[in-house]
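Per-entry structural report
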Amino acid sequence: MKILGLDLSYSTGWSLIDSNNISLLDYGVVAIPEPFHSNVLFDYQQMDRAAAVGQFVYTLVHGKQPDLIVIEQTNKGKNRTSQRGLEWIHYSVLLELRRFYQDKIIYVDTSEWRNKLNIKLDKSQRKHNQDVKYRKARGKITSKHLSVNLVNIEFDMKLKLKDNDIADAICLGLYAAKIWLPKQSRATLIDEALKDLI
């Protein structure tokens, strides 16, 4: 089964994973550039950018023909403008995929896939971050670092922190292949076993 992982934003990371042997088939990122300043209202420019993400994702899905599309759920952001832009992107993507692909889409909370893939700071990393806070060390370690590290280990890659959109998309695909699909298979087996008992 081919799984397409999507970390949607104006810099959308994507990955294509084969769940049969947990192999990475393809990956990338598309960045929709900021528009040139014009007389057009800022919100309309951002809506146009969101529509461009939707069109890119539709083309990607149509070309790769995944069996499952895994999208990271939006998280409440501190910046209203950025949050609104993310919501427009998700709307544009779902609008593009609705007609032919809506039955292949699942949404996953960030905390869910990170927890299940064990992407969390260990004791020494928390201590390091505490030292950074008190200026005893430099360079705070974040979940983005951990996602990149996991992907580099899992697929023998050399992604950098700047590639975190790709790493998150790959992690979404890994979550679906290793956690979500097996869980669905078990649920189906249980349902079938219950039907036989009735």
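Computed from a prediction, not measured in an experiment: that's the story for all the values here. (Residues numbered from 1 in each chain as written. Predicted model: local features only at pLDDT ≥ 70, side-chain atom pairs only at ≥ 80, totals over all residues. Heavy atoms only, no water.)

**Quick word on the sheet that holds strand S4 (residues 68–72)**
Strand pairing in a sheet is mediated by backbone hydrogen bonds. Such pairs are either parallel or antiparallel. Taken in spatial order, the 5 strands line up as S3-S2-S1-S4-S5 in an open sheet, and their pairing is mixed. Unpaired on one side and paired on the other, strand S3 (23–31) and strand S5 (105–108) mark the two borders of the sheet. Within the sheet, the average angular offset between the axes of one strand and its neighbour, ignoring direction, is 20 degrees. Pairing between S4 and S5: 4 bridges, direction parallel. Along S5, the bridge assignment pairs Glu-72 with Val-108. (Pairing = 2+ DSSP bridges. Helix = DSSP H or I, 4+ residues; strand = E, 2+ residues; numbered from the N terminus. Axes fitted to C-alpha atoms, helices over the stretch in contact; angles between N-to-C directions.)

**With respect to the pattern of salt bridges**
Following the criterion strictly, the structure yields 4 salt bridges and no others. Lys-144 is the partner of Asp-168 in a salt bridge, and the nearest nitrogen-oxygen pair spans 2.6 Å. Of the two residues, Asp-168 sits in helix H6 (residues 164–197) while Lys-144 sits in helix H5 (residues 143–155), which places them 24 residues apart along the sequence. As a salt-bridge pair, Glu-154 and Lys-178 come within 3.1 Å of each other at their nearest N and O atoms. One end of the pair, Glu-154, is in helix H5; the other, Lys-178, is in helix H6, with 24 residues separating them in the sequence. You can call Lys-178 partly exposed: its relative accessible area is 38%. (Salt bridge = Lys/Arg side-chain N within 4 Å of Asp/Glu carboxyl O. Buried < 20%, exposed > 50% of the residue type's maximum accessible area, 1.4 Å probe, protein only.)

**Overview of the nonpolar core**
Among the nonpolar cores identified, the biggest contains 25 residues, and Val-70, Trp-113 and Val-151 are the most heavily contacted of them. When residues in this core are grouped by element, the largest group, 10 residues, is from H6. If we skip the residues at most four places from it in the chain, Trp-113 touches Glu-72, Val-108, Ile-119, Ser-147, Asp-168, Cys-171, Leu-172 and Tyr-175. Of all hydrophobic cores here, the second largest spans 20 residues; its members include Ile-69, Ile-89, Val-93 and Leu-97. (Core = buried A, V, L, I, M, F, W, Y, C linked by side-chain atoms within 4.5 Å. Contact = heavy atoms within 4.5 Å.)

**Things to note about helix H4 (residues 123–133)**
In an α-helix, one turn spans 3.6 residues, which is why side chains three or four residues apart end up on the same side. Every buried residue of H4 is accounted for by Gln-125, Asn-129 and Asp-131. With its buried residues spanning 155 degrees around the axis, H4 presents them on a single face. Relative to its buried face, H4 has exposed residues pointing more than 90 degrees away, namely Lys-123 and Lys-133. The secondary structure elements touched by the buried residues of H4 are H5. The first or second residue beyond H4 is Arg-135, which carries a positive phi of 60 degrees. (Arc of directions from axis to C-beta.)

**As for the packing of aromatic side chains**
Following the criterion strictly, the structure yields 2 aromatic pairs and no others. Each ring, one from Tyr-58 and one from Tyr-101, has its centre 6.2 Å from the other, and the planes form 65 degrees; the classification is edge-to-face. Note that Tyr-58 is positioned in helix H1 (residues 42–64) and Tyr-101 in helix H2 (residues 80–101), a separation of 43 residues in sequence. When its relative accessible area of 24% is taken as the criterion, Tyr-58 is described as partly exposed. (Phe/Tyr/Trp six-rings, centres within 6.5 Å; stacked < 30°, edge-to-face > 60°.)

**Re the environment of Tyr-10**
As for its position among the elements, Tyr-10 is in the loop between strand S1 (2–7) and strand S2 (11–18). Non-local contacts of Tyr-10, meaning those with residues more than four positions away in its chain, are made with Val-30, Ala-31, Ile-32, Gln-46, Arg-49, Ala-50, Val-53, Gly-85 and Ile-89. Polar contacts involving the side chain of Tyr-10 include one to the side chain of Gln-46, which spans 3.2 Å. (Polar contact = N/O pair within 3.5 Å; in protein donor to acceptor, adjacent residues only side chain to side chain.)

**With respect to the pairing of S1**
The element S1 is largely enclosed, with a buried count of 5 among its 6 residues. Here S1 runs beside S2; their pairing, made up of 6 bridges, is antiparallel. Bridged to Ile-3 within S2 is Ile-17. Count of turn residues in the S1/S2 antiparallel hairpin: 3 residues. Pairing geometry for S1 and S4, over 4 bridges, is parallel. Each residue of the ladder has a partner; that of Leu-6, found in S4, is Ile-71.

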